[in-house]
Amino acid sequence: IDPKVVRATFNIESGGEAFGPEGKPIIRFENHVFFDQLANPVLYYKYFNHDSNVHSHRWRKDENSEWVEFHGNQKLEWQVYEFAKTLDESAASNSISMGMAQIMGFNYDDVGYLSSTHMLNAFSQSGAPGYVAQVFAFFGFCLSRQGLMDHLRNKNWLQFALIYNGAASYANLL
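Anyway, here's the lowdown on the structure attached to this text. (Residues numbered from 1 in each chain as written. Predicted model: local features only at pLDDT ≥ 70, side-chain atom pairs only at ≥ 80, totals over all residues. Heavy atoms only, no water.)

To continue, consider the sheet that holds strand 5 (residues 96–98). Strand order in the open sheet made by the 3 strands is 1-5-6, with antiparallel pairing throughout. Only two strands of the sheet have a single neighbouring strand rather than two, namely strand 1 (27–29) and strand 6 (103–104). Where strand 1 lies against strand 5, 3 bridges are found, and the strand directions are antiparallel. Among the inter-strand pairings, Ile 27 is bridged to a residue of strand 5, identified as Met 98. Taken strand by strand, helix 4 (residues 74–87) contacts strand 1 and strand 5, and its axis lies near 55° from that of strand 1. (Pairing = 2+ DSSP bridges. Helix = DSSP H or I, 4+ residues; strand = E, 2+ residues; numbered from the N terminus. Contact = heavy atoms within 4.5 Å. Axes fitted to C-alpha atoms, helices over the stretch in contact; angles between N-to-C directions.)

Taken in spatial order, the 3 strands make up an open sheet running 2-3-4, and their pairing is antiparallel. This sheet does not close on itself; its edge strands, each paired only once, are strand 2 (48–51) and strand 4 (68–69). Of the strands in this sheet, strand 2 and strand 3 (56–59) touch helix 2 (residues 31–38), which is tilted by about 120° from strand 2. Helix 4 contacts strand 2, strand 3 and strand 4 of the sheet and is inclined by roughly 120° relative to strand 2.

With burial as the criterion, only one face of strand 3 is covered, namely that bearing His 57 and Trp 59; the residues Ser 56 and Arg 58 on the opposite face remain uncovered. Note: strand 2 against strand 3, 4 bridges, orientation antiparallel. Bridging from a neighbouring strand, His 50 pairs with His 57 of strand 3. Sheet analysis places strand 3 next to strand 4, joined by 2 bridges and oriented antiparallel. (Buried < 20%, exposed > 50% of the residue type's maximum accessible area, 1.4 Å probe, protein only.)

What follows concerns helix 9 (residues 157–165). All of the buried residues in helix 9 are Phe 160, Ala 161, Leu 162 and Tyr 164. Buried residues along helix 9 sit against helix 1 (3–14), strand 6, helix 7 (128–144) and helix 8 (148–153). The first or second residue beyond helix 9 is Gly 166, which carries a positive phi of 95°.

Turning next to the packing of aromatic side chains. Taken as a whole and assessed by the stated rule, the structure comprises 20 aromatic pairs. A ring pair is formed by Phe 141 and Tyr 164, whose centres lie 5.2 Å apart and whose planes are at 85°; its orientation type is edge-to-face. Here Phe 141 is found in helix 7, whereas its partner Tyr 164 is found in helix 9, with 23 residues between them in sequence. Given a relative accessible area of 7%, Tyr 164 falls into the buried group. (Phe/Tyr/Trp six-rings, centres within 6.5 Å; stacked < 30°, edge-to-face > 60°.)

Examined against the element boundaries, Asn 11 turns out to sit in helix 1. Along the backbone, Asn 11 and Pro 21 are 10 residues apart, and their C-alpha atoms lie at a distance of 17 Å.

Here Gln 102, not a glycine, exhibits a phi torsion of approximately 50°, which is positive. By the element assignment, Gln 102 lies in the loop between strand 5 and strand 6. When its relative accessible area of 11% is taken as the criterion, Gln 102 is described as buried. Positive phi outside glycine occurs at Lys 155, with the angle close to 55°. When you line up the elements, Lys 155 lands in the loop between helix 8 and helix 9.

Below, the structure written as C-alpha cells:
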C-alpha cells in the first residue's frame, strides 16, 4: 500500500491527527449507534437525540439543559462520551469512532482487542505506542473486510468508502 494512500485516508477520517489538543485520541460519539447499543430508548431520549436523515446529533447533561450539538469539538465529544459512560460504559465505548482511522469501537474484535475500552486505552497511550496501535488497528480493520485492501491498493475510492464507512453513509451517491 502506498503510504500516501494511507495518509490520505487518515486525513479524510480525522484531519490526519491521532490526538486532539488535550492529548486524547480523536473521537466522534455517534448518537445513533449509542441508541442501538444502549437498548433503552426512554433513557436515551432523556439525554440524546438524533435525526437519522441528516445525522444531527445533540446531547444535554440533564433533562433541564438546552440541547447542544457537539460534533467538530473534541472537548465536547469527550464530555458526551464521559457522560454516556455513566449510563453504560460498554455501550458508550462501542459508540465512538476513534483515532486517526476513526474505527468504531464496536469493531474492537476485528482489530484484535478484547473490548472497545481496551482499544481506546491502547489508542490513548502517548507517543509512539498510541500511534502504532492506531495504525495497526487500521490495517487490521482493512484486512477484516473482504476486498478492502485491494480497493485501497488500487485507489478505488468509492468502493473503499462504501466498505470502510458503510453503504448507508453513501446512499446519496448510489
